[in-house]
Amino acid sequence: MDLVTRNGLWCVVFEGDLGEQFQKTFGSNVVPLPIESSVPRSQALEHLERHKDSLSMDHLFPAGNSR
């Protein structure tokens, strides 16, 4: 997982199995966060850290069902 800016927002780039699942399901492995890119990276990382448990494969794609 990496943090990048795209179109004025901080975004998470998913890699590995989760990235492949996002790419297959949504057409992209880059997911925007509700944080403008003008916010310092450290604050975006804090937000991501607080919510990282909700980013597991089982949580996002329960029972392997992507839709």
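Scroll up a little and you will see the structure.
Let me begin by describing the structure that accompanies this report. All residue numbers here refer to positions counted from 1 along the written sequence of the relevant chain. Local features in a predicted model are, by the rule used here, given only for residues with pLDDT of at least 70; side-chain atom pairs are given and counted only at 80 or more, and totals for whole chains, interfaces and linings are based on all residues. Excluding hydrogens and water, the side-chain figures rest on all heavy atoms present in the structure.

1. Here we look at the overall build of the protein
Then step 1. Assigned secondary structure in the protein consists of 3 helices and 3 strands.
Then step 2. Every helix listed is a DSSP run of H or I at least four residues long, and every strand listed is a run of E at least two residues long, numbered separately from the N terminus. Counting from the amino terminus, the protein carries its helices and strands in the arrangement β-β-α-β-α-α.
Then step 3. When the 67 residues of the protein are sorted by exposure, 28% land in the buried category.
Then step 4. Note on contacts: a residue pair qualifies if any of its non-hydrogen atoms lie within 4.5 Å across the two residues. For the protein, restricting intrachain contacts to residue pairs at least 6 apart in sequence, the fraction spanning at least 24 positions comes to 50%.
Then step 5. Accessible surface, the protein as shown: approximately 4,600 Å² in total, 49% of it carbon and sulfur. Categorising residues by exposure relies on relative accessible area from a 1.4 Å probe, with only protein chains included: less than 20% of the type maximum marks a residue as buried, more than 50% marks it as exposed, and the intermediate range marks it as partly exposed. Residue-level accessible areas treat just the shown protein chains as cover; the underlying method is Shrake-Rupley with a 1.4 Å probe.

2. Quick look at the sheet that holds strand 3 (residues 30-36)
Then step 1. Pairing between strands is defined by DSSP: at least two bridges between the two strands are required. Spatial ordering of the open sheet is given by 1-2-3, a layout of 3 strands whose pairing is antiparallel. Looking at which strands have only one partner, the edges of the open sheet turn out to be strand 1 (2-6) and strand 3. Neighbour to neighbour, the strand axes of the sheet diverge by 35° on average, direction disregarded.
Then step 2. Where strand 2 (residues 9-13) lies against strand 3, 4 bridges are found, and the strand directions are antiparallel. Orientation is described by axes fitted as lines to C-alpha atoms, over the contacting stretch for helices, and by angles from 0 to 180 degrees between their N-to-C directions.

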